[in-house]
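Residue-level structural notes
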Amino acid sequence: MIYLDYAATAPMRECAIDAMNDVMRHAWGNPSSIHEEGARAKAVLEDARERIAAHLGCRPPEILFTSGGTESDSTAVYSAAEAGRRAGRMHIVSAMIEHHAILRPLERLAQRGFDVTLLPPDRDGIVQAEAVREAIREDTCLVAVMTANNETGAIQPIREIGELCRARGIPFHTDAVQAAGHIPMNPGEIGCDTLAASAHKFGGPRGTGFLYVRRGLSFVPFLLGGGQERERRAGTENVAAIAGMAAAFDESLAGAEQENARLTVLRDRLAAGLTRIPKSTLNGHPQKRLTNNVNVSFEGVEGEPLLLLLDERGIRASSGAACSAGALEPSHVLTAMGIPSELAVGSLRLTLGPDTDEDAVDTVIEAVRDTVERLRTQSPEWQAKCEGRRAFLL
Ligand SMILES: Cc1ncc(COP(=O)(O)O)c(C=O)c1O
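Throughout this document, residue positions are counted from 1 along each chain, in the order its sequence is written. It should be noted that, the model being predicted, local features are given only for residues of pLDDT at least 70 and side-chain atom pairs only at 80 or more, the latter also being counted only at that level, while totals for whole chains, interfaces and linings use all residues. Side-chain calculation: all heavy atoms of the structure are included, whereas hydrogens and water are not.

1. Let's talk about the sheet that holds strand 9 (residues 280-282)
- For two strands to be treated as a pair, DSSP must find at least two bridges joining them. Numbering goes from the N terminus for both helices and strands, where a helix is a DSSP run of H or I of at least four residues and a strand is a run of E of at least two. Within the open sheet, the 3 strands sit side by side as 9-10-14. Their pairing is antiparallel. A single partner strand is all that each edge strand has here, and the edge strands are strand 9 and strand 14 (347-351). The mean inter-strand angle of the sheet, taken between neighbouring strand axes irrespective of direction, is 25°.
- Taken together, the 3 bridges between strand 9 and strand 10 (residues 293-298) define a ladder with antiparallel strand orientation. Among the inter-strand pairings, Leu282 is bridged to a residue of strand 10, identified as Val296.
- Any two residues having at least one pair of non-hydrogen atoms within 4.5 Å are treated as being in contact. All axes here are fitted lines through C-alpha atoms, helices being fitted over the stretch that makes contact, and every angle between N-to-C directions spans 0 to 180 degrees. The strands touched by helix 10 (residues 256-275) within the sheet are strand 9, strand 10 and strand 14, with strand 10 carrying the most contacts at an inclination of about 5°.

Below, the structure is given as C-alpha cells:
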C-alpha cells in the first residue's frame, strides 16, 4: 500500500501513541479535579501547552485546546464576529479558497447580517495581500486567510496580510491546519491574532487541535459550560489526545527542515512525472506550495474513477471533486482559480509524508499514467477530441 493522502490525515506517530497510552494508564484523572489524580492530569495538560507554546514562540495561556481544526476555526470566526457586532463592525474579509470550516460559518454569519467579502485567488491559487488591503473597510471586524491551502498546498502571503491588519487594528485569523507541524511558525511574527491547528495532520490523533489566541484580543467563547481553558473553552480536556498532539508536534517540527528538503525533491519528481502525461496540468503555484503537495488535473478523466482504480492498485489518493447529489462537483478551490470545471473534476491530489520514498513516487507515476490512459480510452468525449470533433482544453 502506498499512502499519499497525508493532507486528509496522517498515520499516528509512534511517539504520539506512546504518550497517549501513558496518559490513559497513569494520568487519566480530570485535570480540573483538585485531588492527586486530577493534579497528575493537569501537569500533563500544562506540559503539553508549554511545549506547543514554545514552538510557536507564544505564552502558554495563549494556547487553547480544542477538538480540532473545525472547532478552532469556528471559535475564531464567531468570536471575532461577536466582538465586531458589539463594536458595530460587521464586515468580514476572507477568501474563496478557504476550507469549509471557515466558509460555512461565514455563510451563517452572512445570513445573520454580516457583510462577507470573499476574495478570489490568482491563477496559482494565491490570495494577494494587495487584494486584502483593498477589501478592508472601516467596519471590517475580521480578516481570515489560510496559511496554506489544503487542496493545492499554495502558501498564502500571511505575513504581509498580518502586517496590514495589525496596522489597521483588524483581527486576523489564519487557518494553519495544513501548515502547522510542517512549517515552523510564530504568530507574533506573522501578526495574526488567532491561528488554528489540528493534530491529525502532523501525526497526532484525530479530534484534537489547538487555537492560538493572542493575549489581549477581545475573545468571546464558542463552547459554553464549565470553566476549563481559563473560561474560554468549556468541556473536560482530552488529556491523552493533547499529550499525543504535543509529542507529534515536537517530533514533526524537530525534523521539519530535513524532511521538507527531502519531500521537495520527491514532490518535484512526482509533479514532473505526472505532468509528462499528455494533456495534464499542475494546479497551484509550482514553488510556493507545501513541500508535500502535488495536485494535477488530467483532461478527459474524472477524479472519482481515477481514485477507485488507484485504490485497487493499493494507492491511496484524493481528489478535490466531491460527489454531491449523484453529480461530480468540481472543487470550489480549483474553480475559484479559474480552472475550467472539466479539468477541475479530473484533479488528483497526492500528499506525501514520512513514509514516502522515491520507489513509491515512481510506482505511482506509472500507475497513474496507465490508469489515465485506460479511463481515456473508455471516454467517448476523449475519443471525440482525439478525432478532432471537439477541441482539447490543454
Ligand atoms: C485547511 C483545513 N482547515 C480545517 C480543517 C478541519 O480540520 P479537522 O479535521 O481537524 O476538523 C481541515 C481538514 O482537512 C483543513 O485541511
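2. Quick notes on helix 10
- Between its first and last C-alpha atoms helix 10 spans 27 Å; for 20 residues at 1.5 Å apiece the expected length is 28 Å, and the two agree.
- Summary of the burial criterion: residues with accessible area below 20% of their type's maximum are buried, those above 50% are exposed, and those between are partly exposed, where the area comes from a 1.4 Å probe applied to protein chains only. Here helix 10 has its buried residues at Ala256, Asn260, Leu263, Leu266, Arg267, Leu270, Ala271, Gly273 and Leu274. Summarising the axial view, the buried residues of helix 10 lie within an arc of 155°, below the 170-degree limit, and thus occupy one face. Summarising the geometry of helix 10, the exposed residues directed more than 90 degrees from the buried face are Glu257, Gln258 and Val265.
- Considering only its buried residues, helix 10 is in contact with helix 9 (239-254), strand 9, strand 10, strand 14 and helix 14 (358-377). By this rule the span expected of a helix is its residue count minus one, scaled by 1.5 Å. By definition, the arc is the one covered by directions from the helix axis to the C-beta atoms.

3. Some words on the domain arrangement of the protein chain
- Start and end positions for the domains come from either an automated domain assignment or a database one. Along its sequence, the protein chain is carved into domain 1 (61-237) and domain 2 (256-386).
- Using C-alpha coordinates to define each centre, domain 1 is positioned 28 Å away from domain 2.
- If you look at the interface, domain 1 gives 23 residues, while domain 2 gives 21 residues.
- Buried area is understood as the total, over both parts, of accessible area removed when two parts are fitted together, assessed with a 1.4 Å probe. Buried surface at the junction of domain 1 and domain 2, both sides included, amounts to about 1700 Å², of which 57% is carbon and sulfur.
- What makes a salt bridge here is a side-chain nitrogen of Lys or Arg within 4 Å of a carboxyl oxygen of Asp or Glu, nothing more. Linking domain 1 with domain 2 are 0 salt bridges.
- Residues of the side of domain 1 that touches domain 2, tallied by class, amount to 10 nonpolar, 8 polar and 5 charged. Classification used: nonpolar for Ala, Val, Leu, Ile, Met, Phe, Trp, Tyr, Cys and Pro, charged for Asp, Glu, Lys and Arg, polar for all others including Gly.

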